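Summary of structural features
The primary structure of each chain is shown beneath.
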Amino acid sequence: MNRISLILMGSLLLLPFCLQAQEGDLPHCTDSIPGTDIKFKMVKIPAGVFTLGSPEGEEGRTEDEGPQHQVEIPSFWMSIYELRFEEYNIFRDKEKDNDTSTHPDGNYDVDAASRPSPPYEDPTFGMGNVGFPAGSMTQYGALKYCKWLYQKTGVFYRLPTEAEWEYACRAGTTTPFAIPEGADLGDYAWYYENSEGVYHPVGQKKPNAWGLYDMMGNVAEWTLDQYKKDFYQAGADSARLWPWSRPTRLHPRTVKGGSYDDDPEELRAANRIQSNMAWKRRDPQLPKSFWWNTDSPFVGFRLVKPDPQPSPEEVRKFWKMTLDE
């Protein structure tokens, strides 16, 4: 396995801004953004092997969800909530940021940070921003947030791979919606039947078995993968260690989890959603915004922190591969 793969796999570096504790069955870590009062909790997802994809005959199943096969996932940290607007807006708004940093080099420059351009539409669509999941950003915008966090903190964050996301969502379950047999989906997720057409503040529904909230519904979530219809075919004959469909073009990328505006079958753990340019259809700009979609308030993201942390050189290779910078 090459070094660039290792930086993406999932022991956490004991940095001063991260406060660790044991809550329930899994370790939790409270991370903060230096110079702000923003904190976000992460849970350590244990290493393990699981069955990726859905079985034939599962209601709502599509061909790209198979064949099922065994996948090995190293441990990693994942934010227990979808990223909220107040967390994204520090990156988005220079006036909310400052030069305070815990980066080892101590050279974070608020004036030099690359930030999102103004959105053509209100990215919240009037649905709310304090405590609500951040949405409407492109995958590029989500990855640039992760890079900004690295520049600010010296800690490497990224998006989950498609396989990591499904593994964390399932949390040891094998049911279509990754909830206990006989449980009510409405107790765990905001979707078309109970959302009243809007997203809701994070963490209002029950968490899954590993303490993650809103993995299904509320907003769908960007992953790190290029969407390929036949990607699962390559792993069908043997267990695969940490699969990742590396991006080669802008669209389609894989989105997981379904949203407040989706029917139940879209919320299944195995469901694979393709990004597409229709999510920018009302953007009149040429070229269209790299940062924002005008028509996808239903897509956001959550953070992953690899375990162990990569070296600075490995991080540079990752940004070159995913952002070409």
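Procedures and definitions
- Residues numbered from 1 in each chain as written.
- Predicted model: local features only at pLDDT ≥ 70, side-chain atom pairs only at ≥ 80, totals over all residues.
- Heavy atoms only, no water.
- Salt bridge = Lys/Arg side-chain N within 4 Å of Asp/Glu carboxyl O.
- Helix = DSSP H or I, 4+ residues; strand = E, 2+ residues; numbered from the N terminus.
- Buried < 20%, exposed > 50% of the residue type's maximum accessible area, 1.4 Å probe, protein only.
- Phe/Tyr/Trp six-rings, centres within 6.5 Å; stacked < 30°, edge-to-face > 60°.
- Lys NZ or Arg CZ within 6 Å of the ring centre and 35° of its normal.
- Contact = heavy atoms within 4.5 Å.
- Pairing = 2+ DSSP bridges.
- Expected span 1.5 Å × (residues − 1).
- Core = buried A, V, L, I, M, F, W, Y, C linked by side-chain atoms within 4.5 Å.
- Axes fitted to C-alpha atoms, helices over the stretch in contact; angles between N-to-C directions.
- Parallel < 35°, antiparallel > 145°, perpendicular 65-115°, else oblique.
- Nonpolar A, V, L, I, M, F, W, Y, C, P; charged D, E, K, R; others polar.

Let's talk about the pattern of salt bridges
- Summed over all chains, the structure comprises 23 salt bridges.
- Two residues, K147 and E325, come together in a salt bridge whose shortest N-O distance is 3.0 Å. Remark: E325 occurs in the segment after α5 (312-323) and K147 occurs in helix α3 (residues 139-153); sequence separation between them is 178 residues.
- A residue is classified by how much of its surface remains accessible, and K147, at 13% relative accessible area, is buried.

A word on the packing of aromatic side chains
- Taken as a whole, this structure holds 24 aromatic pairs when the rule is applied.
- Both rings, one in F318 and one in W319, keep their centres 5.0 Å apart while their planes meet at 65 degrees; by these two values the pair is edge-to-face.
- What makes F318 buried here is its relative accessible area of 0%.
- Since its relative accessible area comes to 4%, W319 is described here as buried.
- Through successive ring pairs, a cluster of aromatic residues spans Y88, F91, Y140, Y145, W148, F290, W291, W292 and F301.
- Here the guanidinium or amino end of R240 rests over the ring plane of F231, the centre of that ring lying 4.9 Å away.
- Across from the ring centre of W77, 5.5 Å away, lies the NZ or CZ of K305, which sits over that ring.

Thoughts on helix α2 (residues 85-92)
- Burial within α2 is extensive, with six of its eight residues counted as buried.
- Elements that come into contact with the buried residues of α2 comprise β3 (39-45) and α3.

Digging into the sheet that holds strand β10 (residues 273-274)
- Read across the open sheet, the four strands follow the order β10-β9-β7-β11; overall the sheet is mixed. In this open sheet, the two edge strands, each paired with only one partner strand, are β10 and β11 (299-300).
- Bridging between strand β7 (residues 220-226) and strand β9 (residues 253-256) involves three bridges; their strand directions are antiparallel. Bridging across to β9, Q226 finds its partner in R253.

Here we look at the environment of Y140
- Relative to the helices and strands, Y140 resides in helix α3.
- Each residue touching Y140, except ones within four places of it in the same chain, is listed here: F290, W291, L323 and E325.

Regarding α3
- Under the 1.5 Å per step criterion, the end-to-end length of α3 is 21 Å for 15 residues, consistent within 8% with the ideal 21 Å.
- The element α3 is largely enclosed, with a buried count of 13 among its 15 residues.
- Positive backbone phi, at 80 degrees, marks G154, one or two positions downstream of α3.

A short note on the nonpolar core
- Residues Y88, Y145, W148, F301 and L303 are the most contacted members of the largest nonpolar core, which totals 49 residues.
- Secondary structure elements with two or more residues in this core: β3, α2, α3, β7 and α5.
- Looking at this core, the element that brings in the most residues is α3, giving seven residues.
- What F301 contacts, discounting residues up to four positions off in sequence, is E82, L83, Y88, A134, M137, A142, Y145, L159, E221 and W222.
- Counting residues in each nonpolar core, the second largest holds 32 residues, with V43, I45, I80 and A189 among its members.

Considering the packing of α2 against α3
- At their nearest, the axes of α2 and α3 sit 10 Å apart, and the two run at 75 degrees to each other. Considering the angle they form, α2 stands roughly perpendicular to α3. Contacts between α2 and α3 involve E87, Y88, I90 and F91 from the former and G141, A142, K144, Y145 and W148 from the latter.
- In the contact of α2 with α3, the residues fall into six nonpolar, one polar and two charged.

Don't take any of this as a statement about function, it's just geometry.
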